[in-house]
Structures are given as C-alpha cells and as structure tokens.
Amino acid sequence: MAPDSSREWEIAGGDGRTCTITVGRGIAGIEHLITRNWPQIAILTQPTVSAMAQDIATKTLARLQVRAPIRVLPDEEGAKILSVVGDTYEWLNSIGFARDGLIVAVGGGALTDVAGFVAATYLRGVEIAYLPTTLLGAVDASIGGKTGVNVDGKNLVGVFRHPGRVVVDLDILDELPPSLLRAGSAEVVKAGFISAVDIIDAYETDGLDVSLDRVVPAAIDVKVKTVIADFREADLRAILNYGHTIGHGIEVAASIPHGHAVAIGMVAAGRIAQEALGFAGSERQRKVLEGIGLPTTSPRVDVAQVRRLMDRDKKRDGAGLRMVLLEDFGHPVVRHVEEDLIRLGLAEIGLVTG
Ligand SMILES: NC(=O)c1ccc[n+]([C@@H]2O[C@H](COP(=O)([O-])OP(=O)(O)OC[C@H]3O[C@@H](n4cnc5c(N)ncnc54)[C@H](O)[C@@H]3O)[C@@H](O)[C@H]2O)c1
Ligand SMILES: [Zn+2]
C-alpha cells in the first residue's frame, strides 16, 4: 500500500490572505479546490488538461449550482505573454466576473504563473486556487507566490502573491508522460540535494519509478519552509536556485527543457563545490541524476553565450558571480565563484571555454 501522503501547509500571504497547500490522492474533486460557496467561478486552463477543467466545471454546477465558464489559454510559454493577460481580463469582464469571484487555474507551471498574475491584478486582486497538473508545477511553480509573464522571453514582469489554495493530487501526477516526470524530477531531487536528503535515497533506489507519495510532499515541504523564511527572495530563497546559474545559461543557449538544464547545472555546481568546499557528493549526485534519465553533460552550445547569460544572472553582484554550492547534501551556501572555478565546472559538463 502506498504510504499516506496527505499533508497540508499554510503560508501567511502577508496581505491578510492565507495560502493553504494540500497534497494527497483523489483530492482534485472540487471540495478541496472550492471550499465555500463562491458566487462566481471562472476556470483558466491549458489545452492538454481542458477535460480536467471541464470535469471541475460540471461538478461545480451539479454540487454548488454555480456555472463555471472555462477559458483555454495557449499551451506552454504561449500563455505567458501580456497579450494573453489582456485577452483574459477582457474575457473575465465579458462574463461579468466580479471581485468576490474565484478563479480556478488548472494546468502546469506556465498556466498557473499567468493565471496567478491575472488574479493578482484583475480588479486589483481576486481570489485564485491552483490545481497543478505537472510535477514541476506541483513542487515548484505553484508554491511560493511568484506569478508573472515573459517579456523578451524572460520572466521579467510579475508580482509576488500567493494563491488562496493549492491542491496537489498525486493521482494526476501518476498519469504524466515520462518526459514530464523526468523534467519535474530535476526540481524534486534538487530539493533533496539542498535540504531533504531522504529524497536522494528514494531516487537512488528507484530512479524515475520513485514513489511520488514519498518525494512530492518532501519537496513541497522544502519549498514551503524556504518561502516562509524568505518570501521576496532576499537570500535564503536563493538556495532554491541550486543548479540554475549555469543551468539557465544552457537552457537558453541550447533550448533544452528547464529540468534538463538544471540537472546539468547541478553537476557543474557539484564539481565547483568539490574544489571550493571539499563537497564529497558530486559523484553520487551525478549517478542519481543519471538514474532518473536526466542529462549530466551539456549539448553543444556557444560557451561564450552561456557565460554571458550567467553574468546576467541576478545573483551576480559587484564582486563577481555568486552561486549556490553544497558543503554537503542538505547544507547549501551562497558563494562568490572565481573564474577558474567556473571554467572547472563548465569543463565537467563538457564545455570548454576559450
Ligand atoms: N512561479 C514560480 O515560482 C515558478 C517556478 C518554476 C517554474 N515556473 C514556470 O513554470 C513553467 C514550467 O512549468 P511546466 O513544465 O509545468 O510548464 P507547462 O505549464 O508549459 O507544462 C508543460 C506541458 O505539459 C502539459 N501538461 C500539463 N499538465 C499535463 C498533464 N497532466 N498531462 C500531460 N501533459 C500535461 C502542458 O500542456 C504543457 O504542454 C515555466 O513557465 C516556468 O517559468 C514558475
Ligand atoms: Zn527551476
């Protein structure tokens, strides 16, 4: 029998609202998502999961006698643009959506990012509940209150605002195709490397067949605790960016999925930490990532471009590049990293600087 994975967290929003995050099985039914009689409900979703949204609308009508119109936004990053935000405001206005209504967002991280931004800004803020349908969405994008859209291809515009509820139903995540499971697992195992070392053990034993009941609540817990300690990303929240400094450069330069790039970035950071801090886990880290089927070396890319993208990374300050490094699993630190160490890290993932 699967272990009981039901857990709940509460995060004070700082704006008088509270974010309740529930994880469990078979909880995507509306009773967790829509916990009271809202006078109005509108659903925002993605093409791949619009049937799930339709099911929620049907149940909402049957049980609460409230019609819940559905708006299907473009897929993936196609939703995270200002013109879609504008169209969605107009749609909400056209259905007479008022301040006391609830938006329900059903989809992956791209969908919840844009829906959260719409909810934060429409009529200066309406309530929203998220039903994340990807692993990355469940453990990362839907938790922590960062919402926004891309400008110039980057998450440049947004606001910090928690949703009122997040419902993570592991039954949905069980049905994900392996490619989405793998990409999301990079962020799950990252939570293991920086904090919850049990997650590493779980992936080490089972690879991509890992029990979601075991690792998803643990990864959410890491994100929740980090966000509670540091909502607006002053310093502590930066540990969530482990593997992202070099990873982000490769993601953009090579156009590969975010999770793959983070895996490669963690391998490079592991080598740097080995040299700079005596980190002894870099080989173990690589094996765990390989066991999940994530890449551990970079595809061919323009290394100079990766370097330029890293320099633009927001953790850079006057004194050079700052990166999250591990002293040991579960012990992250943020450190300035000198050029020769960066070269060493890049060489580890097959990138030779000129
Ligand atoms: N707000 C944050 O703190 C935060 C953190 C990390 C990532 N993000 C954002 O999250 C996004 C990436 O998340 P993502 O990978 O979930 O992206 P996504 O929303 O683009 O989903 C990836 C793909 O999976 C499909 N999909 C969704 N649910 C599915 C299901 N149940 N079965 C099959 N296919 C399904 C989607 O339609 C899409 O094609 C990026 O935009 C990133 O910037 C935000
Ligand atoms: Zn990430």
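Keep in mind the model is a prediction, meaning the values are calculated, not measured. (Residues numbered from 1 in each chain as written. Chains lettered and ligands numbered in written order. Predicted model: local features only at pLDDT ≥ 70, side-chain atom pairs only at ≥ 80, totals over all residues. Heavy atoms only, no water.)

A. Quick peek at the overall build of the protein. Each helix and strand counted, the protein has 14 helices and 11 strands in total. C-alpha atoms of the protein, sized along the principal axes, occupy 65 × 45 × 35 Å. For the protein, buried positions account for 55% of its 354 residues. By element, 49% of the accessible surface of the protein is carried by carbon and sulfur atoms, the whole surface being about 14800 Å². (Helix = DSSP H or I, 4+ residues; strand = E, 2+ residues; numbered from the N terminus. Buried < 20%, exposed > 50% of the residue type's maximum accessible area, 1.4 Å probe, protein only. Areas by Shrake-Rupley, 256 points an atom, 1.4 Å probe, with all protein chains shown as cover.)

B. Structural detail: the coordination of the zinc ion (ligand 2). Surrounding the zinc ion (ligand 2) are the protein donor atoms Glu187 (OE), His244 (NE2) and His258 (NE2), which sit 1.9 to 2.1 Å from the metal. If you list the donors of the zinc ion (ligand 2) from N- to C-terminus, the spacing comes out as E-x56-H-x13-H. Of the two residues, His244 sits in helix H10 (residues 244–254) while His258 sits in helix H11 (residues 258–277), which places them 14 residues apart along the sequence. The exposure class assigned to His244 is buried, which follows from its relative accessible area of 12%. (Donors = N, O, S within 2.8 Å, 3.2 Å for Na, K, Ca; no water.)

C. Focus on the packing of helix H3 (residues 82–94) against helix H4 (residues 109–121). For the pair H3 and H4, interaxial distance at closest approach is 10 Å and the crossing angle is 55 degrees. One way to sum up the angle between H3 and H4 is to call them oblique. You can see that H3 and H4 cross each other, and the crossing is right-handed. Here Val85, Thr88, Tyr89 and Leu92 of H3 come into contact with H4, specifically with Val114, Phe117, Val118 and Thr121. (Axes fitted to C-alpha atoms, helices over the stretch in contact; angles between N-to-C directions. Parallel < 35°, antiparallel > 145°, perpendicular 65-115°, else oblique. Left-handed = near helix turned anticlockwise from the far one by under 90°. Contact = heavy atoms within 4.5 Å.)

D. Structural detail: a nonpolar patch on the surface. A surface patch of nonpolar side chains, about 250 Å² in accessible area, is lined by Leu82, Leu156 and Val157. Take Val157: it is sitting in strand S8 (residues 154–160). Val157 sits in the partly exposed class, given a relative accessible area of 31%. (Patch = residues over 30% accessible without salt bridge, like charges linked within 9 Å, V, L, I, M, F, W, Y side chains within 5 Å. Salt bridge = Lys/Arg side-chain N within 4 Å of Asp/Glu carboxyl O.)

E. Expanded view of the packing of helix H8 (residues 197–206) against helix H12 (residues 282–292). Following both chains from N to C, one finds H8 and H12 inclined at 55 degrees, their axes separated by 8 Å at the closest point. When the interaxial angle is binned, H8 and H12 end up oblique. In the crossing of H8 with H12, the sense of the turn from one axis to the other is left-handed. Between H8, through Ile200, Asp201, Tyr203 and Glu204, and H12, the contact on the second element is made entirely by Arg284, Val288 and Ile292.

F. Fine view of the site of ligand 1. Near ligand 1 you find 23 residues, and of these Thr48, Asp75, Glu77, Thr133 and Thr134 are the closest. Note that an oxygen atom of ligand 1 is positioned 2.4 Å from one of the side-chain N or O atoms of Thr48. Contacts to ligand 1 include Ala110, whose backbone N or O atom sits 3.0 Å from an oxygen atom. Bound to the protein, ligand 1 loses 82% of the 870 Å² it would expose on its own. Looking at the shell around ligand 1, the elements with two or more residues in it are H4 and helix H5 (135–141). At four residues, H4 tops the list of elements feeding residues into the shell around ligand 1. Per-class residue counts for the shell around ligand 1 are eight nonpolar, seven polar and eight charged. (Near = heavy atom within 4 Å. Polar contact = N/O pair within 3.5 Å; in protein donor to acceptor, adjacent residues only side chain to side chain. Nonpolar A, V, L, I, M, F, W, Y, C, P; charged D, E, K, R; others polar.)

G. Highlighting the side chain of Glu187. Within the element layout of this structure, Glu187 appears in helix H7 (residues 178–194). Within the structure, Glu187 has its side chain in polar contact with the side chain of His244 (distance 3.2 Å). Among all residues touching Glu187, those that are not within four sequence positions of it are Leu136, Val139, Asp140, His244, His258 and Val262.

H. Examining the packing of aromatic side chains more closely. Counted according to the given criterion, the structure contains four aromatic pairs. Aromatic pair Tyr89 and Tyr122: ring centres 6.3 Å apart, planes at 20 degrees, arrangement stacked. Within this pair, whereas Tyr89 is found in helix H3, its partner Tyr122 is found in the loop between H4 and strand S6 (127–132), the two being separated by 33 residues in sequence. Relative accessible area serves as the criterion here: at 26%, Tyr89 is assigned to the partly exposed category. Judged by its relative accessible area of 7%, Tyr122 falls in the buried class. Ring geometry for Phe97 versus Tyr122: centroids 6.3 Å apart, planes at 50 degrees, classification tilted. Residue Phe97 is found in the loop between H3 and strand S5 (102–107), and its partner Tyr122 is found in the loop between H4 and S6; the two are separated by 25 residues along the sequence. (Phe/Tyr/Trp six-rings, centres within 6.5 Å; stacked < 30°, edge-to-face > 60°.)

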